[in-house]
Amino acid sequence: MRIHLICVGRRMPAWVEAGYQEYAKRLPPECTLKLIEVEPMRRGKAGNRPGEADLAREDEAERILKAIPKGAGVVALDGRGQGWTTPDLAGQLKDWLGGGRDQALLVGGPDGLAPACLARADQCWSLSRLTFPHPLVRVILAEQVYRAWTLLAGHPYHRG
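Colleague: Help me understand the overall build of the chain in this model?
Modeller: Helix and strand counts for the chain come out as five helices and five strands. Reading the chain from its N terminus to its C terminus gives the helix and strand order β-α-β-α-β-α-β-α-β-α. Rg of the C-alpha trace for the chain: 16 Å, near the compact-globule value of 15 Å for 160 residues, within the 12% margin. Taken over the C-alpha atoms alone, the chain extends approximately 50 × 30 × 25 Å along its principal axes.

Put into structure tokens, the structure is as follows:
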């Protein structure tokens, strides 16, 4: 089973790539993490022209939706989504591993995900009530998938 992390944004700082890879490489072959970067829409200098946020979300949605692998389950990351704990994620990961179906986690650009992406999602999650910078979201997601896997594997520091 592969988890596809589909993120709007490119050219991240080196620490983002290093952090993401540090956790992704720790996952076992039966649960791999693949990063798919989607080019963001170019925004004006002010970034707040009337309608620009909606236009950006729709433009990015086309590329996000095309990047979802055929047959994959879809989870949208959105601040209004359901909050999860690490044990909740471990339970979800166990279900995913048992089902063998690839999953796609969608992370929008600075203006969030378009309604079309939210409508395509099977689930909608929130990482936190806080708004994290997009580079950090990549590292947090990779770390949390790894941490969920360690719970399933019974690593000592995660036992009751």
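There's more to say after this.
Colleague: Whenever I open this one, the side chain of Glu60 confuses me. Can you help?
Modeller: Secondary-structure assignment places Glu60 in helix α2 (residues 52-67). For Glu60, a relative accessible area of 1% puts it in the buried group. There is a polar contact of 3.0 Å between the side chain of Glu60 and the backbone nitrogen of Met41.

Colleague: Would you explain the pattern of salt bridges in this entry?
Modeller: A side chain of one charge can pair with a side chain of the opposite charge if their charged atoms are brought near each other. Evaluated as defined, the whole model comprises 10 salt bridges. Across the salt bridge formed by Arg63 and Asp59, the nearest N and O atoms sit 2.7 Å from each other. Of the two residues, Arg63 and Asp59 are both situated in helix α2; the distance of four residues between them amounts to about one turn of the helix. Relative accessible area serves as the criterion here: at 29%, Arg63 is assigned to the partly exposed category.

Colleague: Would you mind showing me how to read the nonpolar core here?
Modeller: Note on soluble globular proteins: their nonpolar side chains tend to be buried together. Membership of the largest hydrophobic core comes to 25 residues, with the highest contact counts inside it found for Ile3, Leu93, Trp96 and Leu105. For this core, the elements supplying multiple residues, two or more each, are β1 (2-8), α1 (14-24), β3 (73-83), α3 (86-99), β4 (103-107) and α5 (134-153). The element best represented in this core is α5, accounting for seven residues. Those residues in contact with Leu105 that sit more than four places away from it in its chain are Ile3, His4, Leu5, Ile6, Val75, Leu77, Trp96, Trp125 and Leu141. Residues Val8, Ala61, Ala67 and Leu106 belong to the second largest nonpolar core, which totals 17 residues.

Colleague: I would appreciate a short explanation of the layout of surface pockets in the present structure.
Modeller: Over the atoms, a rolling probe the size of a water molecule traces out where space has been left empty. If you add up the space inside the largest pocket, you get close to 420 Å³. Considering the residues around the largest pocket, the lining is formed by 20 residues, among which Leu77, Asp78, Gly79, Thr131 and His134 are closest to the centre. Sorting the residues of the lining of the largest pocket by element identifies β3, β5 (123-126) and α5 as the ones contributing at least two each. In terms of residue count, β3 provides more of the lining of the largest pocket than any other element does, four residues in total. What the second largest pocket holds in volume is close to 180 Å³. Residue lining of the second largest pocket: 13 residues in total, with Trp84, Leu89, Ser126, Leu127 and Gln144 positioned closest to the centre. For the lining of the second largest pocket, the element with the highest residue contribution is α5, accounting for four residues.

Colleague: Is there a simple way to explain the packing of aromatic side chains in this structure?
Modeller: Aromatic ring pairs: the centre-centre distance and the angle between the two ring planes describe each pair. Enumeration according to the criterion identifies four aromatic pairs in this entry. On the basis of an interplanar angle of 10° and a centroid distance of 5.8 Å, the ring pair of Trp96 and Trp125 is categorised as stacked. Taken as a pair, Trp96 in helix α3 and Trp125 in strand β5 lie far apart in primary sequence, 29 residues in all. Pair check on accessibility: Trp96 and Trp125 agree, each one buried. An angle of 35° between the planes, with centres 6.3 Å apart, marks the rings of Tyr146 and Trp149 as tilted.

Quick notes on the rules
Residues numbered from 1 in each chain as written. Predicted model: local features only at pLDDT ≥ 70, side-chain atom pairs only at ≥ 80, totals over all residues. Heavy atoms only, no water. Helix = DSSP H or I, 4+ residues; strand = E, 2+ residues; numbered from the N terminus. Rg over C-alpha atoms; globule rule 2.2 N^0.38 Å. Buried < 20%, exposed > 50% of the residue type's maximum accessible area, 1.4 Å probe, protein only. Polar contact = N/O pair within 3.5 Å; in protein donor to acceptor, adjacent residues only side chain to side chain. Salt bridge = Lys/Arg side-chain N within 4 Å of Asp/Glu carboxyl O. Core = buried A, V, L, I, M, F, W, Y, C linked by side-chain atoms within 4.5 Å. Contact = heavy atoms within 4.5 Å. 1 Å grid on protein atoms, 1.4 Å probe; cavity = no way out; pocket = protein on both sides within 12 Å on 5 of 7 lines; lining within 4 Å. Points joined across faces, edges and corners; volume = space filled by probe spheres on them. Phe/Tyr/Trp six-rings, centres within 6.5 Å; stacked < 30°, edge-to-face > 60°.

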